[in-house]
Amino acid sequence: MRDAPGSTRTRRPSHPLRGRVAVVTGAARGVGEALSRSLSETGMRVALLGRERETLEEVAASLPGPALCIESDITDPATLAEAARRVEAGLGPASVVVANAGIAVSGSFAGTAPELWQRVIDVNLIGSADTARAFLPQLTATRGYFLQIASTAAFGSAPMMSAYCASKAGVESFALALRGEVEPDGVQVGIAYLHWTRTDMLGGIDEDPVLQSLRRNQPRVARRVHTAGQVAEWLTRGIEHRAPNIYAPPWLRLCQPLRPLFPAVVARTARRELRRHPRGTMTSSGALGAGGRADWDSYQATRPSPGHGTRQGR
């Protein structure tokens, strides 16, 4: 209904993200799915990238606004380049790109298969950098915003999570370096620090001995597990303001000055916890969560098989 002439009714301002294009990697599940929905609700057109085609299509169909889903392996630069072309052709140049895709494995370094350990680094760190490379021309044209999803794992490395912690420390450093390079072009780079979030990656948080130990030794306030929807709200608010740092939950910003203390605290706690578990009981059980297993299964199905050439995925 239109306002009558002379009406003093206040018009609701249009959301600053409305009509713009967002790209979210790892959008099939968890934070990626929730963030895609939250951004769509602001009026953005959203491109969802991920490994699980059917799940991506279901998420895209449930969004309130225009969406495009692209099955993509972010560790394959050629696939990402094609995804970037499809996004620009189908929705327009991206104004927001969120490097969210990530996998994890828990267990000792020696007890984790080398290829699985390497895959975590490839997806979380190299995949994030390749995502930035593929979409940077569009972000430069739109003077856009690149958001790197990091973690409190970048604050202090935890034993039994070496690949994940190394990758998250790496993406933080990468994003800080990229920020200085692209700021003169009008592109802003943000880093999001996520704490315990209820996703399928942490679906077994109460059964996994590594995750149990990590939570048990944190202060009470730090043990709370937040929903993906709540985290998506915090991220959306930060994206709206092109924030250099986003903390989920917000109180994490208070931890930044304390970061030099964390390695010693973690090391002391680790020594105590490792004495409680017999050697060999905390070996890797594989990639965590359905999304991680889907990536690992797809990777194994398409990697070269010695003596048999390249196997084709199903």
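From a predicted model like this one, the values you see are computed outputs, not experimental measurements.

Thresholds, definitions, all that
Residues numbered from 1 in each chain as written. Predicted model: local features only at pLDDT ≥ 70, side-chain atom pairs only at ≥ 80, totals over all residues. Heavy atoms only, no water. Salt bridge = Lys/Arg side-chain N within 4 Å of Asp/Glu carboxyl O. Helix = DSSP H or I, 4+ residues; strand = E, 2+ residues; numbered from the N terminus. Buried < 20%, exposed > 50% of the residue type's maximum accessible area, 1.4 Å probe, protein only. Core = buried A, V, L, I, M, F, W, Y, C linked by side-chain atoms within 4.5 Å. Contact = heavy atoms within 4.5 Å. Pairing = 2+ DSSP bridges. Right-handed = clockwise from strand over helix to strand, strands pointing away. Axes fitted to C-alpha atoms, helices over the stretch in contact; angles between N-to-C directions. Parallel < 35°, antiparallel > 145°, perpendicular 65-115°, else oblique. Left-handed = near helix turned anticlockwise from the far one by under 90°. pLDDT = per-residue confidence, 0-100. Expected span 1.5 Å × (residues − 1).

Let us now look at the pattern of salt bridges. Charged atoms that come close allow side chains of opposite charge to pair. Evaluated as defined, the whole model comprises 7 salt bridges. Arg-51 is the partner of Asp-73 in a salt bridge, and the nearest nitrogen-oxygen pair spans 3.4 Å. Of this pair, Asp-73 sits in the loop between β3 (67-71) and α3 (77-90) while Arg-51 is found in the loop between β2 (45-50) and α2 (53-62), placing the two residues 22 residues apart along the sequence. We classify Asp-73 as buried; its relative accessible area is 16%. Close ionic contact of Glu-172 with Arg-259 constitutes a salt bridge, the shortest N to O distance being 2.8 Å. Note that Glu-172 is positioned in helix α5 (residues 162-182) and Arg-259 in the loop between β9 (245-248) and α8 (262-276), a separation of 87 residues in sequence. The class of Glu-172 is buried, set by a relative accessible area of 9%. Where salt bridges share partners, they join Arg-51, Asp-73 and Arg-119 into one cluster.

For the rest of this paragraph, the subject is the nonpolar core. Ranked by internal contacts, the top residues of the largest apolar core, which has 41 residues, are Val-23, Leu-49, Val-87, Val-97, Phe-135 and Phe-146. The element that contributes the greatest number of residues to this core is helix α4 (residues 114-142), accounting for 7 residues. When neighbours within four sequence positions are excluded, Val-23 is seen to be in contact with Ala-47, Leu-49, Val-87, Ala-94, Val-96, Val-97, Val-98 and Phe-135.

We now examine unusual backbone geometry. For the bond from Ala-248 to Pro-249, the omega torsion is 10°, close enough to zero to count as cis. Take Pro-249: it is sitting in the loop between β9 and α8. Unlike most non-glycine residues, Arg-143 shows phi in positive territory, near 50°. Its location among the elements puts Arg-143 in the loop between α4 and β5 (145-151). Taking relative accessible area as the criterion, Arg-143 reaches 51% and is therefore assigned exposed. Residues other than glycine seldom take positive phi values, yet Arg-242 does so here, at roughly 50°. Tracing the sequence through the fold places Arg-242 in the loop between α7 (228-240) and β9.

Further remarks concern the pairing of strand β1 (residues 21-25). A regular strand places its side chains so that they alternate between the two faces of the sheet. The buried count for β1 comes to 5 of 5 residues, which makes it a mostly enclosed element. A two-sided burial pattern is seen for β1, the buried positions comprising Val-21, Val-23 and Thr-25 on one face and Ala-22 and Val-24 on the other. Pairing of β1 with β2 involves 5 bridges; the strand directions are parallel. Note that in β2 the partner of Thr-25 across the bridge is Leu-49. With helix α1 (residues 30-41) bridging β1 and the parallel β2, this β-α-β connection has right-handed handedness. Taken together, the 3 bridges between β1 and strand β4 (residues 96-99) define a ladder with parallel strand orientation. Bridge pairing in β4 links Val-23 to Val-97.

Where α1 contacts α7, the axes come no closer than 8 Å and their chain directions differ by 55°. What the angle tells us is that α1 and α7 run oblique. In the packing of α1 onto α7, the handedness of the crossing is right-handed. Along the contact surface, α1 presents Gly-30, Val-31, Ala-34, Leu-35, Ser-38 and Leu-39, while α7 presents Ala-228, Gly-229, Val-231, Ala-232, Leu-235, Thr-236 and Ile-239.

Moving on to the sheet that holds β9. Read across the sheet, 7 strands follow the order β3-β2-β1-β4-β5-β6-β9 without closing on themselves; strand pairing throughout is parallel. Looking at the sheet topology across the chains shown, the edges are occupied by β3 and β9. Across the sheet, the mean angle separating the axes of adjacent strands is 15° when strand polarity is ignored. Inspection of the sheet shows β2 paired to β3 by 5 bridges, in the parallel sense. Paired with Leu-48 across the bridge in β3 is Cys-69. Contacts from α3 reach β1, β2 and β3, with the element oriented near 165° to β3.

Here we take up the confidence of the model for the protein chain. Here the protein chain averages 84 in pLDDT, and 76% of its residues register 70 or above. This model gives residues 1-11 a pLDDT under 50, and the stretch forms 2 contacts once residues within four places in sequence are excluded. Across residues 306-314, where pLDDT falls below 50, the model places 11 contacts with residues more than four positions away in sequence or in other chains.

With that settled, consider the environment of Ala-110. By the element assignment, Ala-110 lies in the loop between β4 and α4. Along the chain, Ala-110 and Met-160 lie 50 residues apart, while their C-alpha atoms are 9.6 Å from each other.

Another point: α7. Over its 13 residues, α7 extends 18 Å from the first C-alpha to the last, a length consistent with the 18 Å expected when each residue adds 1.5 Å. Remark: Arg-242 follows α7 within two positions and exhibits a positive phi of approximately 50°.

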